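What follows is the residue order along each chain.
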Amino acid sequence: MSTASAPQQVLVVSDSAAETALVQSLLEGEFPRVLVTAEVDSAPQLFLELQAPALVLAFRDLRKAEQFYLGIYRHGAERKYQVHPHRTIMLCSKDDVRKAYELCRSGLMDDYVQFWPMTYDAPRLAMSV
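In short, a report on the structure. Just so we're clear, the structure is a prediction, and the values are computed from it rather than from any experiment.

1. Points about the overall build of the chain
And step 1. When you go through the chain residue by residue, the secondary structure sums to 5 helices and 5 strands.
And step 2. Computed over its C-alpha atoms, the radius of gyration of the chain comes to 14 Å, within 12% of the 14 Å expected for a compact globule of 129 residues.
And step 3. For the chain, the spread of C-alpha atoms along the three principal axes comes to 40 × 35 × 30 Å.
And step 4. Among the 129 residues that make up the chain, the fraction classed as buried is 46%.
And step 5. Element-wise, carbon and sulfur atoms account for 48% of the exposed surface of the chain, whose accessible area totals about 7300 Å².
And step 6. Taken as two groups, the 13 positive and 16 negative side-chain charges of the chain have centres that lie 5 Å from each other.

Take a look at the structure:
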């Protein structure tokens, strides 16, 4: 039985610099390279260029996370990029857990972490990545 290895690079995207800094601080001890951006407009291009094996979506509004992620595919198609294999984890509030589950169940996202409003289970994020 083989075990999955941890990604060498993680990209964290949010529309809030404070959120990206928080998530970066939680992941830096676990992963060799954690890159963050709150520049939502340029993030799809960055993701496609970096080919990061792990993508964390730290949007407080789950609809924004979903729109951003679908935009990666649209952006890639426009520029003839092929979206590389990766794992996508979205952070959500307790009120959005059901919707997050549905996005994972449908195959759009790989995993979710109930992160807001309480971050008492912060190690779960690193485990999911």
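2. Let's talk about the pattern of salt bridges
And step 1. The full count for this structure, using the stated rule, is 6 salt bridges.
And step 2. Across the salt bridge formed by K64 and D15, the nearest N and O atoms sit 3.3 Å from each other. Of this pair, K64 sits in helix α3 (residues 62-78) while D15 sits in the loop between β1 (9-13) and α1 (17-27), placing them 49 residues apart in sequence.
And step 3. With a relative accessible area of 39%, K64 lands in the partly exposed category.
And step 4. When the shortest N-O distance is used, the salt bridge between R63 and D61 registers 3.2 Å.

3. Quick word on α1
And step 1. Taken as a whole, α1 has its buried residues at E19, T20, V23, Q24 and L27. Projected down its long axis, α1 shows its buried positions confined to an angular sector of 130°, all on one face. Of the exposed residues in α1, those oriented more than 90 degrees away from the buried face are A17 and A18.

4. Notes on the packing of aromatic side chains
And step 1. Applying the stated rule across the entire model yields 3 aromatic pairs.
And step 2. With a centroid separation of 5.5 Å and 85° between ring planes, the pair formed by Y69 and Y73 is classed as edge-to-face. Linking Y69 with Y73, this pair stays in helix α3, spanning 4 residues, or about one helical turn.
And step 3. With centroids separated by 5.3 Å and ring planes inclined at 90°, the aromatic side chains of F115 and W116 adopt a geometry described as edge-to-face. Each member of the pair, F115 together with W116, is buried.

Scoring rules and cut-offs
Residues numbered from 1 in each chain as written. Predicted model: local features only at pLDDT ≥ 70, side-chain atom pairs only at ≥ 80, totals over all residues. Heavy atoms only, no water. Helix = DSSP H or I, 4+ residues; strand = E, 2+ residues; numbered from the N terminus. Rg over C-alpha atoms; globule rule 2.2 N^0.38 Å. Buried < 20%, exposed > 50% of the residue type's maximum accessible area, 1.4 Å probe, protein only. Areas by Shrake-Rupley, 256 points an atom, 1.4 Å probe, with all protein chains shown as cover. Lys, Arg positive; Asp, Glu negative; His and termini not counted. Charge placed at Lys NZ, Arg CZ, Asp CG, Glu CD. Salt bridge = Lys/Arg side-chain N within 4 Å of Asp/Glu carboxyl O. Arc of directions from axis to C-beta. Phe/Tyr/Trp six-rings, centres within 6.5 Å; stacked < 30°, edge-to-face > 60°.

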